[in-house]
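Structural overview
So the chains spell out like this:
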Amino acid sequence: MIDIHSHFLPETWPDLAARFGTPDWPWMRHTEAGKAMLMLGEKEFRPVYDACWSASRRIEEMDRDGIDLQVISATPLLFAYDRPAQQATECARLFNDSAREICCGGAGRLLSLCQVPLQDTDAACKVLSGAMRDGHVGVQIGNHVGERNLDDEGLIVFLQHCASEGAAVLVHPWDMLGKERTHKYMMAWTVGMPAETQLGIVSMILGGAFERLPENLRLCFAHGGGSFAFLLGRLDNAWRRRDIVRGKSTGLPSSYLRRFYVDSAVFDAAALRFLADVMGEDRVMLGSDYPFPLGEEFVGELIRNAPGFGAAAKTRLLGGNAERFLGIAEA
Ligand code: CO
């Protein structure tokens, strides 16, 4: 069993606000043994526990849940895409090194996705190449950089580079739209994130990104692809009926489903079945968002207990598809 969507945080890192001379950088406030609050400037962002930074704690919980391999990536809060590229590059190196350190303590059962300064295509490509040499298996990117969606020229060039480096790419929603109306009740997570992910996929399809990317690019969207699968019929209908919808796409939106994967973090068995029907049982992979508070509490439980999947399909969802995505499938 392979979990392709889990997060890490180093136990500590240098004071970025002091280093760069600007406020509102993330930092860790340790509250008691094994517990901390991820802070953003003076704001409490998220309570976390030592599974974020301790490989041995992760392995313990992986054993509890029957997980063989886990892919760790930083939280998008650390991307720094909205900062000067040099600062984002430093952050990427810092957190990428931490990820490798945690993986080294994981007895071969932890793999890592790096982060890159995506606001600067050249720097991002350079950091990615270095990270792949250092042992990362791919990269986690946000679904946009400011106003640039995933059909942006620089982002497409970066994704082409990922394909040439053999890097798996996990697209994670971040920097959610409509902040002024979603700041209460964590609606940025429950409403904004699924919309961002959908926006990322739709931008790539209609912006002609897939026409410019090689078939061997291994790409996955988090959280089941957000709102995408459920609203694909609406998108196809619009594509058929209004030519202004089509952009640079050369076929119906639903004809692009073979070009990417989604993870299984939908938290509902009927939704998972629907997702597999839309995407194909070979395109959905276990992804938990472990060990964050909105992640799957017992990793793999949803797929293992889902009715309507045969044993072979469950094997694919729980690990077989991830082997292909990560490029670790046996020939
Ligand atoms: Co996540």
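**Observations concerning the pattern of salt bridges**
Between side chains of opposite charge, a pair can form when the charged atoms approach closely. Overall, the coordinates contain 14 salt bridges when judged by the stated rule. A salt bridge links Arg212 to Glu153; the nearest nitrogen and oxygen atoms lie 2.8 Å apart. You can see Arg212 sitting in helix α8 (residues 209–212) and its partner Glu153 sitting in helix α5 (residues 153–165), a full 59 residues away along the chain. For Arg212, a relative accessible area of 37% corresponds to the partly exposed category. Given a relative accessible area of 45%, Glu153 falls into the partly exposed group. The partner of Asp282 in a salt bridge is Arg258, with the nearest N and O atoms 2.6 Å apart. With Asp282 in the loop between α11 (269–279) and β11 (284–285) and Arg258 in the loop between α10 (243–246) and β10 (261–263), this pair connects stretches of sequence that are 24 residues apart. In the salt-bridge network here, residues are joined through shared partners; they are Asp50, Arg57, Glu61, Arg64 and Asp65.

**A short note on the nonpolar core**
Among the nonpolar cores identified, the biggest contains 91 residues, and Val116, Ile141, Phe158, Leu219 and Phe260 are the most heavily contacted of them. With seven residues, the top contributor of residues to this core is helix α3 (residues 85–104). Ignoring sequence-local partners within four residues, the contact set of Ile141 consists of Phe79, Tyr81, Val116, Leu118, Leu150, Phe158, Leu159, Val169, Leu170, Val171 and His172.

**Observations regarding the packing of aromatic side chains**
Any two aromatic rings considered together are summarised by their centre-to-centre distance and by the angle between their planes. One pass over the full model with this rule turns up twelve aromatic pairs. For the ring pair Phe79 and Trp174, a centre distance of 5.6 Å and an interplane angle of 75° mean the geometry is edge-to-face. Here Phe79, found in the loop between β5 (69–73) and α3, pairs with Trp174, found in the loop between β8 (168–172) and α6 (179–182); they are 95 residues apart in sequence, far enough to count as distant. A ring pair is formed by Phe221 and Phe260, whose centres lie 5.4 Å apart and whose planes are at 85°; its orientation type is edge-to-face. Of the two residues, Phe221 sits in strand β9 (residues 219–221) while Phe260 sits in the loop between α10 and β10, which places them 39 residues apart along the sequence. We note that Phe221, like Phe260, is buried. One aromatic cluster is present, formed by Phe210, Phe221, Phe228, Tyr256 and Phe260 through successive ring pairs. A cation over a ring is seen here: Arg46 above Phe292, with NZ or CZ 4.1 Å from the ring centre. Of note, Arg246 hangs over the ring of Trp239, and the distance from its end group to the ring centre comes to 4.9 Å.

Rules and cut-offs
- Residues numbered from 1 in each chain as written.
- Predicted model: local features only at pLDDT ≥ 70, side-chain atom pairs only at ≥ 80, totals over all residues.
- Heavy atoms only, no water.
- Salt bridge = Lys/Arg side-chain N within 4 Å of Asp/Glu carboxyl O.
- Helix = DSSP H or I, 4+ residues; strand = E, 2+ residues; numbered from the N terminus.
- Buried < 20%, exposed > 50% of the residue type's maximum accessible area, 1.4 Å probe, protein only.
- Core = buried A, V, L, I, M, F, W, Y, C linked by side-chain atoms within 4.5 Å.
- Contact = heavy atoms within 4.5 Å.
- Phe/Tyr/Trp six-rings, centres within 6.5 Å; stacked < 30°, edge-to-face > 60°.
- Lys NZ or Arg CZ within 6 Å of the ring centre and 35° of its normal.

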